[in-house]
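The chain contents come next:
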Amino acid sequence: MLRKTVFLSSLFLASLGAADRPNILFLFSDDHATQAISAYPGGILDDVAPTPNIDRIAKEGMLFENSYCANAICGPSRANILTGKHSHLNGYLDNQSSLFDGLQTTFPPLLQEAGYQTALIGKWHLGSTPVGFDHYEILPGQGSYYNPDFIQMDGSKKRHHGHCNDVVTNLAIEQIDAMVKGDEPFMMMAQFKAPHRNWSPALRHVDLFEGQEIPEPDTLFDDYSNRHPSLKEQAMSVENHMYWGHDMKFNGENLFPEHFASGLPNAEYRRMDDEQKAVWDASYEPRNKAFIKAMEAGELSDKEITQWKYQRYMKDYLGVIRSMDEGIGKILAHLEETGLADNTIVIYSSDQGFYLGEHGWYDKRWMFEESFKMPFVIRWPGVIEPGSTDKHLIQNIDYAPTFLDVAGAEIPAEMQGRSLVPLLKKEAPGDWRNTVYYQYTGERVHEVAAHDGIRTDRYKLMYFPDDDTYNLFDLKTDPQEMNSVHESSDYAEVFEEMKKKLAETREKLDVHSAILPAHRLKQAWWKKRHEAKTKLAAETKHDLIFIGDSITQGWEGKGKATWEEYYGDRKALNLGFSGDRTQHVIWRLNNGELRNQRDAKAIVMMIGTNNTGHTEQDPEETAQAIERILSILRARCPEAKVLLLGVFPRAPKPEDTKRKINQEINKRIAKFADGERVHYLDMDDVFLDEDGNLPKEIMPDYLHLVPQGYEMWAEAIEPKLKEFGL
Ligand code: CA
C-alpha cells in the first residue's frame, strides 16, 4: 500500500514557512534506563558514566521527568509509538507471540501524506516489514553488536564491519545527507540496538571502566517482602539468572553452574574477526582468569559473587552506551555543520527503562519505576526554552500525535496519546492526564506475572489478574517501591480511590475482556485441541480457514457430511472451539494456530455469540475485538480474503435481548468490509423466517445448527468462496 502523496502540501502546508515544518530526528535506543543518563537528576552513575551528548539535547531543550512507556518490552513499546495506542488495541502485546500489523494506522504513512520524507535506520524488532518509510535499513530481529547485518529494502542483507552503534550513526548521517537534498522536510528514526542485552561495548570501550568500581543501588539485595509474591518468582536476577557465556562473557564451559546459567554462549564473540577477537580477549581474558582463580580458591562469598556479576554487567551496559552517546554527538555536530540544527527537532528516548541492579534485577517488564520510565529529552530551537524541565505525565503513545502535530497533519481520533507540542511551548492544557496506564500481559520468559495499573503523580496501583490482587505504592514516602500499602488502614481511602481510577481508566482506554487475549489451557480438551490445531497448522499449508466457536467446531460433528462435500478437497482447516469468545480467538491466533498459513486464500470467521451469551457483553466491545482479529489476520495471512459472517441469530424471537445484542454487533462489524480484503455476509436471512423467528428445526437449542443448517451455511457462502478463487 503506497501512500506517498504530497497533494496536501499544495493546500495548507504551502502557507506554512519552512520553520513551521521542522525535520524530526528521533534518536532511539533499547533498554536505556534514565538512571544511566546524567541529565536525569539523582543518578548514582552520573559521575562514573556521564552521557554528555544526550545531556546536551536536554540542556538545549527540554527534559521530561515523568515519561513512561505503556508496556515495558521492546517490540510493544515500538508498536505503542507507531500507533499512538495501548498494546491491547494495536495487538503487539509481547515479543513472543506477536507479529505487528503494519497496515493499521501508524504515523509514518501519515507523515508521508503530509509531505515528509521518512526513514528508519537500525533496530525495528516488530516481525513485519516496515510500512510508511521511503527508506529503511533495519537489523534483523534483535540484531548484532559486532559486524552487524542490516536488511535492505529489497530484502537482501548487508554486513557492516565494526560496532553496531557506529554503523547506525554512520548510516543515519548518510541518510540525513540524502534526504536534505529533497524539498520536503524529513522524519528519521535512528534506532540503536544498544544498550540491549548482551551489552557488548565497542572494542575501543571494552576497558572503559577498568579499575573503577560502579556504585551499587540500595536495593541490589532486595528480599521481595511486603509485595506481590510473584516478585520472588521472576527469572531476571543478577544473582541467579546471568548466563556464563552470553551475559558474563566467559568462553568455554560453565565452570560454576551453581552460580551461572548454562547453555547460552556469547554469540557476539563468534561474529568478530581475529583482529577484533584479539582486542576483546586482551581485555576480558585476564579479568575472567582472575575471577576463575578467586573462585577456585574459594575466596568469594555468595554476596561477593553477585557483586562481581553486577560489576561485569554494569561495566558492559555502561560501556555500550558510551559509543552510542558518541554517535549522538557526531549526529548533532553533523546537523550543525550542514546548517540543519535550527530547523530540526531532535529527540532522544529509549523503548523502556531497565533495572541496573535495583531489586536485584536486570531486564524490564515490571511497572516499577526503573523499567516503567522512559527517557525523553527534546530540542527544538526557537520553540523550546533551553534547559527546561517538564513534570507532566507523558507516555510513548504521545509521540505519534506529537509528530503529526508538528507536521501540521490531522491526528486520527483512534490514537490514544496526545500531542506534546503544547507542553513544549509551556502551554499545558488544563485537562492534561493525571494518570498513566500500564499493561504487561505476561510472556513466557523471565517469569514476570501479568499486571496492569495506573500511576498518578504520587501513587501507583498495580493489579495482578492471576490471583486478583493489588499492590499500592506511595512514591513520596517509598520511592524505591519496597512496601505495598494496599493493606494498610492508613491508605484505605487512597486504595479505594485508586481502584476507582483504574476502573475509569480502563473504561476510557477500551481495556475490556473481549479484547484482552485469554486462553483456556486449564481445560484439558481445549488444550489438546489447541495443540492439535497448532501441529496441523505447522505441518500443512491450508487454503481455507474457518475461525469461530462451537458453531464452527460443529463442522466436525453435525456438519461433517456437508464439510466433506464442500471442503473435503479444498485444504480447509477448522479453528472452531466450543465456548470460545473473541478473547480466546485472539490468543489462539497469536499462539500457533496460524503458523505457516501465510499463503491462505480465504478465511471464514464467525465469532462473538459467546461474548453475548456469557456476559451480554457490550456489542461495541465485541465488535472492537473482531476488528482486532481482522488486524491479526492481515498480519499473519496477508494474502487471504476474509469472509466475516454476521453473528448467527440466537433465541427464538426477534425481541430477545441476546438476539438484539448480536444484531448490534453485526451493525458494527458490517462496516469492517472494505470490498477488497474483508467481505461481510449477514446470515439472518438464511436462517430466520419472514417474521424474524428462528425455526426450531434449524437450531433446536436456538444457537446450534442441525445438519441441514450446515448445508444452508455452505450454500450461502459458496459464491463468495468462488469469488475468492477457491
Ligand atoms: Ca527494550
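Residues numbered from 1 in each chain as written. Predicted model: local features only at pLDDT ≥ 70, side-chain atom pairs only at ≥ 80, totals over all residues. Heavy atoms only, no water.

A. A look at the overall build of the chain. Looking only at helices and strands, one finds 22 helices and 21 strands in the chain. Considering only C-alpha atoms, the chain reaches an extent of 85 × 70 × 60 Å along its principal axes. The proportion of buried residues among the 726 residues of the chain is 61%. Considering only contacts in the chain between residues 6 or more positions apart, those separated by 24 or more positions represent 72%. Of the roughly 28100 Å² of accessible surface on the chain, 49% is carried by carbon and sulfur atoms. (Helix = DSSP H or I, 4+ residues; strand = E, 2+ residues; numbered from the N terminus. Buried < 20%, exposed > 50% of the residue type's maximum accessible area, 1.4 Å probe, protein only. Contact = heavy atoms within 4.5 Å. Areas by Shrake-Rupley, 256 points an atom, 1.4 Å probe, with all protein chains shown as cover.)

B. Spatial organisation of the sheet that holds strand β20 (residues 641-645). Taken in spatial order, the five strands make up an open sheet running β18-β17-β19-β20-β21, and their pairing is parallel. Of all the strands in the sheet, the pair left with one neighbour each is β18 (572-576) and β21 (678-681). The sheet shows a mean angle of 15 degrees between the axes of neighbouring strands, direction not considered. (Pairing = 2+ DSSP bridges. Axes fitted to C-alpha atoms, helices over the stretch in contact; angles between N-to-C directions.)

C. Local environment of the pattern of salt bridges. In the structure shown here, the tally under the stated rule is 45 salt bridges. Among the ionic pairs, Arg-78 bridges to Asp-30, the shortest N-O distance being 3.0 Å. You can see Arg-78 sitting in helix α3 (residues 74-83) and its partner Asp-30 sitting in the loop between β1 (23-29) and α2 (52-59), a full 48 residues away along the chain. In this structure Asp-30 comes out as buried when scored by relative accessible area, which is 0%. Taking the shortest distance from any N to any O, the salt bridge between Lys-533 and Glu-556 comes out at 3.0 Å. Here the residue Lys-533 occupies a position in helix α14 (residues 524-539), and Glu-556 occupies one in the loop between α15 (550-553) and α16 (560-567), the gap between them amounting to 23 residues. By relative accessible area, which is 9% here, Lys-533 ends up buried. (Salt bridge = Lys/Arg side-chain N within 4 Å of Asp/Glu carboxyl O.)

D. Examining the pairing of strand β8 (residues 186-191) more closely. Summarising burial for β8: six of the six residues are buried, a large majority. Side-chain alternation along β8 places Phe-186, Met-188 and Ala-190 on one buried face and Met-187, Met-189 and Gln-191 on a second face that is also buried. Here strand β4 (residues 117-122) pairs with β8 via six bridges, running parallel. Paired with Leu-120 across the strands is Met-189, a residue of β8.

E. Region of interest: the coordination of the calcium ion. Taken together, the protein ligands of the calcium ion are Asp-30 (OD), Asp-31 (OD), Cys-74 (SG), Asp-351 (OD), Asp-351 (OD), Gln-352 (OE1) and Gln-352 (NE2), with distances of 2.1 to 3.0 Å. Each donor residue of the calcium ion belongs to the same chain, and together they define the spacing D-D-x42-C-x276-D-Q. Of the two residues, Asp-31 sits in the loop between β1 and α2 while Gln-352 sits in the loop between β9 (344-350) and α10 (369-372), which places them 321 residues apart along the sequence. Accessibility assignment for this pair places Asp-31 and Gln-352 in one class, buried. (Donors = N, O, S within 2.8 Å, 3.2 Å for Na, K, Ca; no water.)

F. Spatial organisation of α16. Residues Thr-562, Trp-563, Tyr-566 and Tyr-567 constitute the buried set of α16. The arc that holds the buried residues of α16, viewed along the axis, is 105 degrees, so those residues lie on one side. In this structure, α16 carries Ala-561 and Glu-565 as exposed residues pointing more than 90 degrees from its buried face. Taken together, the buried residues of α16 touch β17 (544-548), β18 and α22 (707-723). (Arc of directions from axis to C-beta.)

G. Seen up close, the nonpolar core. Residues Phe-107, Met-189, Trp-366 and Ile-378 are the most contacted members of the largest nonpolar core, which totals 66 residues. Considering each element in turn, this core owes the most residues, five residues, to helix α11 (residues 399-406). Split by domain, this core shows at least three residues from each of two domains, domain 1 (2-198 + 333-429) and domain 3 (450-508). Counting residues in each nonpolar core, the second largest holds 61 residues, with Leu-89, Ile-547, Leu-594 and Met-605 among its members. (Core = buried A, V, L, I, M, F, W, Y, C linked by side-chain atoms within 4.5 Å. Domains from an automatic or database assignment.)

H. Geometry of the sheet that holds strand β13 (residues 436-440). Strand order in this open sheet of four strands is β13-β14-β15-β16, and the pairing throughout is antiparallel. Both edges of this open sheet fall to β13 and β16 (469-474), since each of them pairs with a single strand only. In this sheet, neighbouring strand axes are inclined to one another by 15 degrees on average, regardless of whether the strands run parallel or antiparallel. Bridge count between strand β14 (residues 451-455) and strand β15 (residues 459-464): four bridges; the pairing is antiparallel. Note on β15: the bridge partner recorded for Gly-453 is Met-462. On top of the sheet, helix α13 (residues 492-508) reaches β13, β14, β15 and β16; it is set at about 65 degrees to β15, its chief contact.

I. Structural view of the side chain of Thr-435. Among the secondary structure elements, Thr-435 is positioned in the loop between α12 (421-424) and β13. Setting aside chain neighbours within four positions, we find Thr-435 in contact with Leu-393, Ile-454, Arg-455, Thr-456, Lys-501 and Thr-505.

J. Inspection of α3 at higher detail. For α3, a buried count of 10 out of 10 residues is recorded, marking the element as mostly surrounded by other parts of the structure. Where the residues of α3 are buried, they touch β1, α4 (87-90), α5 (107-113), β8 and α11.

K. How the structure looks around the state of the cysteines. Scanning the model with the defined rule gives zero disulfides in all. The closest cysteine sulfur to the non-disulfide-bonded Cys-69 is located on Cys-74, 10 Å from its own sulfur. (Disulfide = S-S within 2.5 Å.)

L. Here's a closer look at unusual backbone geometry. With omega at -10 degrees, the peptide bond leading from Ala-194 into Pro-195 counts as cis. Topologically, Pro-195 is positioned in the loop between β8 and α7 (267-271). Geometrically, the link from Arg-197 to Asn-198 is a cis peptide bond, its omega value of 10 degrees lying close to zero. Positionally, Asn-198 belongs in the loop between β8 and α7. With phi around 55 degrees, Asp-468 is a residue other than glycine that occupies positive phi space. In this structure, Lys-571 is a non-glycine residue whose phi angle is positive, near 50 degrees.

M. Just the packing of helix α17 (residues 582-590) against helix α19 (residues 619-636), in detail. Direction vectors running N to C along α17 and α19 enclose 15 degrees, while the axes themselves pass 9 Å from each other. By the criterion of interaxial angle, the relationship of α17 to α19 is roughly parallel. The two elements α17 and α19 cross, and the hand of that crossing is left-handed. Together, Thr-582, Val-585, Ile-586, Leu-589 and Asn-590 of α17 and Thr-622, Ala-625, Ile-626, Arg-628, Ile-629, Ile-632, Leu-633 and Arg-636 of α19 make up the contact between the two elements. A per-class count over the contact of α17 with α19 returns eight nonpolar, three polar and two charged. (Parallel < 35°, antiparallel > 145°, perpendicular 65-115°, else oblique. Left-handed = near helix turned anticlockwise from the far one by under 90°. Nonpolar A, V, L, I, M, F, W, Y, C, P; charged D, E, K, R; others polar.)

N. A look at the packing of aromatic side chains. All chains considered together, the criterion is met by 50 aromatic pairs. Consider the rings of Phe-260 and Phe-291, whose centres lie 5.9 Å apart with planes at 85 degrees: the pair is edge-to-face. Placement of the pair is Phe-260 in the loop between β8 and α7 and Phe-291 in helix α8 (residues 274-296), with a sequence separation of 31 residues. One exposure class covers both Phe-260 and Phe-291, and it is buried. When the centroid spacing of 4.8 Å and the interplanar angle of 40 degrees are considered together, the rings of Trp-555 and Trp-713 count as tilted. Within this pair, whereas Trp-555 is found in the loop between α15 and α16, its partner Trp-713 is found in helix α22, the two being separated by 158 residues in sequence. With a relative accessible area of 1%, Trp-555 lands in the buried category. Residue classification places Trp-713 among the buried positions, given a relative accessible area of 0%. Aromatic ring contacts, followed pair by pair, group Phe-546, Trp-555, Trp-563, Tyr-566, Tyr-567, Phe-648, Phe-687, Tyr-710 and Trp-713 into a single cluster. Over the face of the ring belonging to Phe-250 we find Arg-312, whose NZ or CZ atom lies 6.0 Å from the ring centre. (Phe/Tyr/Trp six-rings, centres within 6.5 Å; stacked < 30°, edge-to-face > 60°. Lys NZ or Arg CZ within 6 Å of the ring centre and 35° of its normal.)

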